[in-house]
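# Close look at the chain arrangement
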There are 2 protein chains.
Amino acid sequence: MFKKVLVAEDLDSISIAVVQVLEELQVPVIHHVKYCDEGLLKIKKALADKEPYDLLITDLSFKSDHRKVNLNSGDELVEAINKVQPNLKKIVFSIEDKSYRIKTLFNELGINAYVSKGRNSITELRNAIESTFNNGEKILSSDLSFNFNDKSLIEIESYDISILKLLSQGYILESISKEFKDLSITPNGTSSIEKRINKLKIYFKANNNVHLIAIAKDFGLV
Amino acid sequence: MFKKVLVAEDLDSISIAVVQVLEELQVPVIHHVKYCDEGLLKIKKALADKEPYDLLITDLSFKSDHRKVNLNSGDELVEAINKVQPNLKKIVFSIEDKSYRIKTLFNELGINAYVSKGRNSITELRNAIESTFNNGEKILSSDLSFNFNDKSLIEIESYDISILKLLSQGYILESISKEFKDLSITPNGTSSIEKRINKLKIYFKANNNVHLIAIAKDFGLV
DNA sequence: GTAATCCTTACGGAAACCCGTAAAGCGCCA
DNA sequence: TGGCGCTTTACGGGTTTCCGTAAGGATTAC
């Protein structure tokens, strides 16, 4: 079993249960942090001391409070860790169940397992830890209904997200076009952007922009 | 201390910690349900058996799965319970931190305490349970930044929420007007509705309807 | 009973959207 | 080089939003 595990989770009510699982699995060294920044620090320190962690279990969203932080989310934490210890095994344990977000975790951040917090997630988490230790096959919570190889949502790329983000911030078409030109994102003609928005509206069955943004918010795209 | 407590919480990772707290407080009977429907059933059963619960600790949002349910949220659960056992003490334990939603919990559903899930929420929860038992003063998590007596958000009423809901579903002004006429909600002239939307836009500093809905989603109003 | 005030509704013009069509730009290939 | 297909951009007209002004109706004040 793993020898040294780091848990990054802000909610104390949840970290208690996670640590319990690790204790049951007889992990000798279990550390727990409530902020992503702390997590990165511990990883770096352990590396410097030649006693690196061999597993990270992290949440995605962290509450913000008075404290100033550099890393705001589990995504950012993993990204930062990948730069210093890319071979670290990583399990994400989060409430998030939107396929779009989870896919990027596997594809772009190279996580080893995703467990969605739910009614039987502790068992799932235990299984994910064991499987991750034993081989290396990617693990996805069984209660997630989407097919991992489904192409449908992967089509929505960062370009679309950028448009949706700006729309949700009250930008009008012309302002978006200008913004894209400044950032040299193409295509950036008002007409092209309009067409892309139209595709999104068809895809999400939205009647108009207001409806589209409401749906995008529900899907966690923005 | 309380003699019989019901915990309604779908995430197993959290309920473990909540039950632990109750055990530490030496509550003799602790029951736990993962669905709101089950919760209402248990409350009714206990009443019929003349062994009613004296405290409810509930989450607000419950994940939906394959199971068909009548009650979808903690709000609905409390509302249903109030009809059968209005004197039951109620503590809400949730991640929600939007003042609008929490205020209605106190004012309309008569909960006794609100504890927001956070980095030290287990301690807060323990305190809330003890205070609720000892007197009856309303308890609000200390880390919630808003002032409970602040009038600002209370101004937004169900009429505004209705408008925002329909907007977020892609309705145009005229359709909203028609819908309101059907439901005999007044005022229902397109002009009046338009004016109300305008007030909301000023209040939330939104540039346009799209922006407004994005903000409303962030605030958890819809 | 009349005036003042507030709320609701109506109206109109400018801006932004929605949606179809057509032109311009660009790579590819013969 | 010229033609083909694809993407990007431009244009135009209808619809909806956006925003100010004003009329009609109800309630309150005196």
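Residues numbered from 1 in each chain as written. Chains lettered and ligands numbered in written order. Predicted model: local features only at pLDDT ≥ 70, side-chain atom pairs only at ≥ 80, totals over all residues. Heavy atoms only, no water.

Right, let's talk about the overall build of chain A for a bit. Across its full length, chain A holds nine helices and six strands. Once the C-alpha set of chain A is aligned to its principal axes, its extents read approximately 60 × 35 × 30 Å. Each of the 222 residues in chain A was classed as buried or not, and the buried ones make up 49%. In chain A, the share of contacts with a sequence separation of at least 24, taken over all contacts with a separation of at least 6, comes to 65%. (Helix = DSSP H or I, 4+ residues; strand = E, 2+ residues; numbered from the N terminus. Buried < 20%, exposed > 50% of the residue type's maximum accessible area, 1.4 Å probe, protein only. Contact = heavy atoms within 4.5 Å.)

Residue and element names in this part refer to chain A. Turning to its location among the elements, Ala-113 is positioned in strand β5 (residues 113-116). Look at Ala-113 and you get buried, because its relative accessible area is 0%. Between the C-alpha atoms of Ala-113 and Thr-132, which are 19 residues apart in sequence, the distance is 7.2 Å. Once residues within four sequence positions are removed from consideration, Ala-113 is found in contact with Lys-90, Ile-91, Val-92, Phe-106, Ala-128, Thr-132 and Ile-139.

Let's shift gears to the protein's contact with DNA strand C. Around DNA strand C sit 14 residues, and of these Glu-194 and Asn-209 of chain A together with Pro-187, Ser-191 and Ser-192 of chain B come closest. For DNA strand C, the backbone makes up 51% of the atoms found within 4 Å of the protein, where backbone means sugar plus phosphate. Gly-189 of chain B has a polar backbone atom sitting 3.0 Å from a phosphate oxygen of DNA strand C. Those elements that provide at least two residues to the surface near DNA strand C are α8 (190-203) of chain A together with α8 (190-203) of chain B. Element by element, the count of residues in the surface near DNA strand C is highest for α8 of chain A, at four residues. When the residues that make up the surface near DNA strand C are grouped by side-chain class, the tally is three nonpolar, seven polar and four charged. (Near = heavy atom within 4 Å. Polar contact = N/O pair within 3.5 Å; in protein donor to acceptor, adjacent residues only side chain to side chain. Nonpolar A, V, L, I, M, F, W, Y, C, P; charged D, E, K, R; others polar.)

At an RMSD of 0.2 Å, chain B and chain A line up after a rotation of 180° and a shift of 0.2 Å along the axis. Seen this way, the second copy is the image of the first under a two-fold rotation axis. For chain B, the smallest separation between a C-alpha atom and the rotation axis is recorded for Val-210 of chain B, amounting to 2.2 Å. In this assembly the copies share their binding face: 100% of the residues contributing to the interface of chain B also contribute to that of chain A. (Least-squares fit on C-alpha atoms with pLDDT ≥ 70 in both.)

Okay, the environment of Pro-52 of chain A next. Residues and elements named next belong to chain A. Mapped onto the elements of the fold, Pro-52 is located in the loop between α2 (36-48) and β3 (55-58). Assessed through its relative accessible area of 38%, Pro-52 is described here as partly exposed. Once you skip the residues sitting within four places of it in the chain, Pro-52 turns out to touch Lys-4, Ala-46, Leu-47 and Gln-85.

Tallied over the full model, the rule gives eight aromatic pairs over all chains. Where Phe-2 of chain A meets Phe-133 of chain A, the ring centres are 5.0 Å apart and the plane angle is 75°; that geometry is what we call edge-to-face. One end of the pair, Phe-2 of chain A, is in the segment before β1 (4-8); the other, Phe-133 of chain A, is in helix α5 (residues 121-134), and 131 residues separate them in sequence. Since its relative accessible area comes to 35%, Phe-133 of chain A is described here as partly exposed. For the pair Tyr-203 of chain B and Phe-204 of chain B, a centre-to-centre distance of 4.9 Å together with 85° between the ring planes defines the contact as edge-to-face. Exposure remark for Tyr-203 of chain B: the relative accessible area of 36% places this residue in the partly exposed category. (Phe/Tyr/Trp six-rings, centres within 6.5 Å; stacked < 30°, edge-to-face > 60°.)

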